[in-house]
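# Structural overview for review
What follows is the residue order along each chain.
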Amino acid sequence: MVRSQILEAVRDALQTLGVAEVPEAVTVERPGNPDHGDWSTNASLVCAKSLKKNPRQLGEELMAILVEAELPHVEKLEIAGPGFINFTLSPSWVHDVLRTVVAEGIENYARLHVGDGLEVNLEFVSSNPTGPLHAGGGRWGVFGDSLARIMERCGYIPHKEFYVNDRGTQTVLFGQSLVARRDGIPVPAGGYEGEYVTEWAAEMPATADPTEWGIKRALQEVEESLASMHVHFDTWSRENALVESGAVENTLIALRQSGYVYEKDDAVWLATTEFGDDKDRVLIKSDGDYTYLLPDVAYHRDKYNRGDLVIDILGADHHGYVPRMRAALLALGHEADEYEAIIGQNVSLMRGGEEVKLSKRTGTMIAVDELIDDLGPDVTRFAYLLQSIDTAQTIDIDVWKAQAGENPVFYVQYAHARIHAIGREAAKRNIVLGDLAQTDLSGLVDPNEVAVLRDLHELPEILAGAARDRAPHRITTWVRGLAGNFHSFYAHCPILRSDVDPDLQQARLWLTEATRIGLAIGLDLLGVNAPEEM
RNA sequence: GCCCCUGUAGCUCAGUGGAUAGAGCAUCGGUUUCCUAAACCGUGUGCGGCAGUUCGAUUCUGCCCAGGGGCGCCA
């Protein structure tokens, strides 16, 4: 679109002036200050040195070429500040944006191909099947699901997986805890003391295997919680299944063949320090049982059957785990760029002005269900996706509940519902939306109208950045901005009022239609409902 | 001690190698003879500190300070 046309012209001009390879640092950006035009390039600042010219002088030469090029929509060019070239465009450029958005629609606008069909395996949540999903796990669920949506729209083929550690110490302890609660005896040391254990123990049939039953019960709970936030997985993988299929033993053989396995103190070790880990790691304990690591390596190996790039989304408390997994995969011959770990910072919850501790074992935890019950799935998702995954998050339940009227989710949803309300009102007034091709958009010059269209123009770029940087919250930020500019437009620019010129009315109706498309795309990427009325 | 994340407005958080750093909440004050006021408009002492790289650093690098998380033959 416009921006890339300008950038191309700038790069061409630089080459004409003798810049053999135009640096990546040469960019075209939206200046913060409207006095600096619609677009601005730093080209002369970046390239002045290599051409041994001062930036203003180079700017003059660039400008002469750019004027010659007669770029579409460009009305004025000027040099400002230390040597920026500012482009002022006629409003017609945003009108092209409107036509593009409407023509491509929800399905195709901001549908990118940067992913080039790469199959990406995303593993997230993967909590122990020893209790309900806690609010922290909910963050990874919503983040992973939204990232998958974003990557899919960018041309990747995402595959969402949940890994179930249905084997090992924790699940056994959990089973024992259930039995203890059922029989009224003390929970074993390090066992699970949450209230849910007592509740579930009461449901447990006498004949059931406690560990097996407990895992099933917990998984059912977790799956329902995730589903209630519209988080679904393509594959649920079981640790036990990997043991039974021989995948774990095969992985051990493969690791041995790599030459990085050795025995010491009756245990089997992997020399992960050869790949940058702090210390070597045990694969098989001296008691003969696997550590967590070995089956997990087998699992990661298995995941490459369902993706060429494997991404783990982990909580901050697991970040120390990443170097050993990376080392194991490198030992098995995978390339460094085939594995990636996203570390999410922790979530804490506030209620009644106090922090609610999240621990399955001590029992003072808040399950995601409680959050969803209090806030609903849309608010819960939006709250989770409001900020960067790199930031420790505190969700104050009281605030999100109390704010119900002026909450960012409703603010955005209301913008969408408002557009539908306009449509309903238009029908009531027998105002019919005409053919866009026949519509004169030249009346859309109000700053509020232009602001909405500029937002829409930015979506593909924002989306690409969100996918590249694994940052769904950029979509949240963008969609809030679009909703805000739309509300301003609505307040300042009457649409259906009888004193509005018919041509302008049609143009504004098309503007609302383009906005509807943008909001629907943004909300869908977040997995938040776009209501037609509220 | 080592590793990861964070430090931006009273609070919760966005944001950018550039020319005047934003939003919501909170405060105070405005807006409705025809489109939903869940909205709009106005109101601000802020980039933890010190160096370095750069034409230019809040953004990149190093160190320091502060907060969170991790450093098991647990997961």
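Look above for the structure.
Overview of the structure. Because the structure is a prediction, the values reported are computed rather than measured.

## Here's the deal with the packing of aromatic side chains
- For the structure on display, the rule yields 13 aromatic pairs.
- Where Y163 meets Y299, the ring centres are 4.2 Å apart and the plane angle is 5 degrees; that geometry is what we call stacked. On the criterion of sequence distance, the pair formed by Y163 in strand β6 (residues 157-164) and Y299 in helix α11 (residues 293-303) is long-range, its members being 136 residues apart. Y299 matches Y163 in its accessibility class, with the two residues each being buried.

## Considerations on the environment of E533
- Relative to the helices and strands, E533 resides in the segment after α18 (502-526).
- The sequence separation of E533 and Q413 amounts to 120 residues, and the corresponding C-alpha distance is 8.8 Å.
- Once residues lying within four places of it in the same chain are set aside, the contact partners of E533 are A417 and R424.

## So, the pairing of strand β4 (residues 84-89)
- Alignment of strand β2 (residues 39-41) against β4, held across 3 bridges, turns out to be antiparallel. Bridge pairing in β4 places W39 opposite F87.
- Counted along the chain from strand β3 (residues 74-80) to the antiparallel partner β4, the turn is 3 residues long, and its residue G81 has a positive phi close to 55 degrees.

## Topic: the nonpolar core
- By size, the foremost hydrophobic cluster in this structure holds 118 residues, and its most contacted members are L14, L66, F87, L98, L226, Y384 and L456.
- Top contributing element to this core by residue count: α18, with 11 residues.
- Shared between two domains, this core takes at least three residues from each, and those domains are domain 1 (2-90) and domain 2 (408-526).
- In this structure L14 touches V19, V22, V26, A43, C47 and L62, once residues within four positions along its chain are discounted.
- Among the nonpolar cores identified, the runner-up in size contains 27 residues, and Y304, L314, Y321 and V322 belong to it.

## Things to note about unusual backbone geometry
- The residue E70 is not glycine, and still its phi comes out positive at about 50 degrees.
- Within the secondary structure layout, E70 lies in the loop between α3 (55-69) and β3.
- A relative accessible area of 66% means that E70 is categorised as exposed.
- The phi dihedral of N430 falls on the positive side, at around 60 degrees, and the residue is not glycine.
- When you line up the elements, N430 lands in the loop between α15 (408-428) and α16 (447-468).

## Description of the packing of helix α1 (residues 2-16) against α3
- Running from amino to carboxyl end, α1 crosses α3 at an angle of 120 degrees, the nearest separation of the two axes being 9 Å. In terms of their interaxial angle, α1 and α3 are classed as oblique. You can see that α1 and α3 cross each other, and the crossing is right-handed. Of α3, the residues touching α1 (which contributes A9, V10, A13, L14 and T16) are L62, I65 and L66.
- Residue composition of the contact of α1 with α3, by class: 7 nonpolar, 1 polar and no charged.

## Side note on the sheet that holds strand β1 (residues 28-29)
- Across the sheet, which stays open at both edges, the 4 strands sit in the order β1-β2-β4-β3 with antiparallel pairing between neighbours. Edge strands, defined here as strands with exactly one partner in the open sheet, are β1 and β3.
- Strand direction decides the pairing type here: β1 and β2, joined by 2 bridges, are antiparallel. Each bridged residue has a counterpart across the sheet, and for E29 the counterpart in β2 is S40.
- The sheet strands contacting α3 are β3 and β4, and the helix crosses β3 at an angle near 170 degrees.

## Let's talk about the environment of G423
- Mapped onto the secondary structure, G423 falls in helix α15.
- On the accessibility criterion, G423 (37% relative accessible area) is partly exposed.
- Along the primary structure G423 and H300 are separated by 123 residues, whereas in three dimensions their C-alpha atoms are 50 Å apart.

## Concerning the protein's contact with RNA strand B
- Lining the immediate environment of RNA strand B, one finds 64 residues, of which N33, K49, D390, R418 and R429 sit closest.
- Of what RNA strand B places within 4 Å of the protein, 62% of the atoms are sugar or phosphate.
- Contributing elements (two or more residues each) for the surface near RNA strand B: α2 (43-51), β4, β9 (267-270), α15 and α17 (473-492).
- The dominant element in the surface near RNA strand B, judged by the number of residues it contributes, is α17, at 9 residues.
- Residues of the surface near RNA strand B, tallied by class, amount to 20 nonpolar, 26 polar and 18 charged.

## Notes on α18
- Here α18 contains 25 residues, and its C-alpha end-to-end distance of 36 Å stays within 8% of the 36 Å for a straight helix at 1.5 Å per residue.
- With respect to burial, α18 is a largely interior element, 21 of its 25 residues being buried.
- Immediately beyond the C-terminal end of α18, within one or two residues, lies G527, with a positive phi of roughly 75 degrees.

## Side note on α1
- The end-to-end C-alpha separation of α1 is 21 Å, in line with the 21 Å expected for 15 residues at 1.5 Å each.
- Of the residues making up α1, those classed as buried are V2, I6, A9, V10, A13 and L14. The arc that holds the buried residues of α1, viewed along the axis, is 135 degrees, so those residues lie on one side.
- Among the residues trailing α1, G18 stands out with phi positive, at a value near 105 degrees.

## Some remarks on the side chain of R508
- On the secondary structure map, R508 appears in helix α18.
- Side-chain polar atoms of R508 contact the side chain of E449, separated by 2.6 Å.

## Details of the pattern of salt bridges
- Going through the model one piece at a time under the given rule, you end up with 31 salt bridges.
- When the shortest N-O distance is used, the salt bridge between E123 and K303 registers 2.5 Å. Within this pair, whereas E123 is found in strand β5 (residues 119-123), its partner K303 is found in helix α11, the two being separated by 180 residues in sequence. One exposure class covers both E123 and K303, and it is buried.
- When salt bridges with common partners are traced through the structure, they connect D145, R149, K160, R381 and D524 into a single cluster.

Conventions and cut-offs
Residues numbered from 1 in each chain as written. Chains lettered and ligands numbered in written order. Predicted model: local features only at pLDDT ≥ 70, side-chain atom pairs only at ≥ 80, totals over all residues. Heavy atoms only, no water. Phe/Tyr/Trp six-rings, centres within 6.5 Å; stacked < 30°, edge-to-face > 60°. Helix = DSSP H or I, 4+ residues; strand = E, 2+ residues; numbered from the N terminus. Buried < 20%, exposed > 50% of the residue type's maximum accessible area, 1.4 Å probe, protein only. Contact = heavy atoms within 4.5 Å. Pairing = 2+ DSSP bridges. Core = buried A, V, L, I, M, F, W, Y, C linked by side-chain atoms within 4.5 Å. Domains from an automatic or database assignment. Axes fitted to C-alpha atoms, helices over the stretch in contact; angles between N-to-C directions. Parallel < 35°, antiparallel > 145°, perpendicular 65-115°, else oblique. Left-handed = near helix turned anticlockwise from the far one by under 90°. Nonpolar A, V, L, I, M, F, W, Y, C, P; charged D, E, K, R; others polar. Near = heavy atom within 4 Å. Expected span 1.5 Å × (residues − 1). Arc of directions from axis to C-beta. Polar contact = N/O pair within 3.5 Å; in protein donor to acceptor, adjacent residues only side chain to side chain. Salt bridge = Lys/Arg side-chain N within 4 Å of Asp/Glu carboxyl O.

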